[in-house]
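# Observations on the three-dimensional arrangement
So the chains spell out like this:
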Amino acid sequence: MSTEVREELKIIPAKVSIVKHVRYVYACRNCEQNEVSTPIVTATMPKAALPGSIASPSAIAYVMTQKFVEGMPRYRQEQQWERMGIELSRQTMANWMVQGSERWLRPVYERMREHLIKRDILHADETTLQVLHEPGRAADTVSYMWLYRTGRDGPAIVLYDYQTTRAGRHAKKFLEGFKGYLHVDGYEGYKGIPDVILVGCWAHARRKFDEALKAMPGTSEGIASVAKEGLDYCYKLFAIERELRDVTPEKRYEERLKRSKPILDEFYSCLKYHM
């Protein structure tokens, strides 16, 4: 007559298994008895992901994913492995991540960087972070993670570059060989990079107007109205960009000239008036 369907979620927990790689060693028994020398042949063995380690590619990937995607500290991973019947120390997991990154991920990272600097439009930004137990530095010392990425013309390339300072020389070194437009937030450290034209970020421009508006006391109606006017111009531009998100670059260019440029011209005149 009919069928009834009921759906439910089913979880298949992670399972650990030991994979034994066995290879045979062959010798000629006839040669051993009747000849001067005995040829010996050893079968091939799959190469280990990390020489001298029990780590498999899947185990290394699991530890890295738990740490960097799920945000699980290594001591909790250690407890999780123990519940699965495996004694695996956090020191061993840390070594897996370091060795796996250097041996297997570093070449991929460098190759991605080669493709990244061939583009003519890039985005860059930097943010603070703290690193514990870094040699020669206090735990509360501020470090920086620099980010570089491509636009929407093809699969995105997103690369992170850890540095201990915010000095502009880091961006200059990382982007060596890049020629084109660099979309940034106005930080002075990006200036002076050869063959690079800096492009401002409207999201950061909007933030300044928003911060100014929030900081204004109630009696500063005139200044607050200027900040509000700046925000309104930004929102008009953002509304157009949302409509053009999925169109071709050629169509976006035409619409920006037709619709966005008049707003920008008006915005520029407004800024000059209030200066």
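A short tour of the structure in this document, coming up. On a predicted model such as this, the values are computed, not experimentally measured, just so you know.

Definitions and limits used
Residues numbered from 1 in each chain as written. Predicted model: local features only at pLDDT ≥ 70, side-chain atom pairs only at ≥ 80, totals over all residues. Heavy atoms only, no water. Patch = residues over 30% accessible without salt bridge, like charges linked within 9 Å, V, L, I, M, F, W, Y side chains within 5 Å. Areas by Shrake-Rupley, 256 points an atom, 1.4 Å probe, with all protein chains shown as cover. Salt bridge = Lys/Arg side-chain N within 4 Å of Asp/Glu carboxyl O. Helix = DSSP H or I, 4+ residues; strand = E, 2+ residues; numbered from the N terminus. Buried < 20%, exposed > 50% of the residue type's maximum accessible area, 1.4 Å probe, protein only. Axes fitted to C-alpha atoms, helices over the stretch in contact; angles between N-to-C directions. Parallel < 35°, antiparallel > 145°, perpendicular 65-115°, else oblique. Contact = heavy atoms within 4.5 Å. Nonpolar A, V, L, I, M, F, W, Y, C, P; charged D, E, K, R; others polar. Pairing = 2+ DSSP bridges. Phe/Tyr/Trp six-rings, centres within 6.5 Å; stacked < 30°, edge-to-face > 60°.

### Here we look at a nonpolar patch on the surface
A cluster of nonpolar side chains, namely Val22, Tyr24, Tyr26 and Val41, defines an oily patch on the protein surface of about 470 Å² accessible area. Checked against the element boundaries, valine 41 lands in strand 2 (residues 40–42). Using a relative accessible area of 52% as the deciding quantity, one classes valine 41 as exposed.

### Thoughts on the packing of helix 2 (residues 57–68) against helix 4 (residues 90–116)
Two elements in contact, helix 2 and helix 4, have axes separated by 10 Å at closest approach and are oriented at 105°. With respect to helix 4, the axis of helix 2 lies roughly perpendicular. Here Ala59, Ile60, Val63, Met64, Lys67 and Phe68 of helix 2 lie close against helix 4, whose contacting residues are Met93, Trp96, Met97, Gly100, Ser101 and Leu105. The class makeup of the residues in the contact of helix 2 with helix 4 is 9 nonpolar, 2 polar and 1 charged.

### Describing the sheet that holds strand 6 (residues 180–183)
In space, the 5 strands of this open sheet follow the order 5-4-3-6-7, with mixed pairing throughout. Either end of the sheet is taken by a strand with one partner, and the two such strands are strand 5 (158–163) and strand 7 (196–199). Strand after strand, the sheet turns through a mean of 30° between neighbouring axes, direction not considered. Across the sheet, helix 4 lies against strand 3 (121–130), strand 4 (142–150) and strand 5, angled at about 110° from strand 5, the strand it touches most.

### Some details on the packing of aromatic side chains
In the structure shown here, the tally under the stated rule is 8 aromatic pairs. Ring geometry for tyrosine 187 against tyrosine 190: centres 5.8 Å apart, planes inclined by 90°, an arrangement best described as edge-to-face. On the basis of relative accessible area, tyrosine 190 is assigned to the buried category, the value being 1%. Taken together, a centroid distance of 6.0 Å and an interplanar angle of 45° make the contact between phenylalanine 209 and phenylalanine 267 tilted. With phenylalanine 209 in helix 6 (residues 202–215) and phenylalanine 267 in helix 8 (residues 249–274), this residue pair connects regions lying 58 residues apart in the sequence. There is no split in this pair, since phenylalanine 209 and phenylalanine 267 are both buried.

### Observations regarding the pairing of strand 6
In terms of strand pairing, strand 3 meets strand 6 through 3 bridges, oriented parallel. The residue bridging histidine 123 from the neighbouring strand is histidine 183, located in strand 6. Across 4 bridges, strand 6 lies against strand 7 in parallel orientation. Each bridged residue has a counterpart across the sheet, and for leucine 182 the counterpart in strand 7 is leucine 198.

### So, the side chain of glutamate 134
The topology assignment puts glutamate 134 in the loop between strand 3 and strand 4. The buried category is assigned to glutamate 134, whose relative accessible area is 17%. Residues in contact with glutamate 134, not counting those within four places in the same chain, are Ser143, Tyr162 and Thr164.

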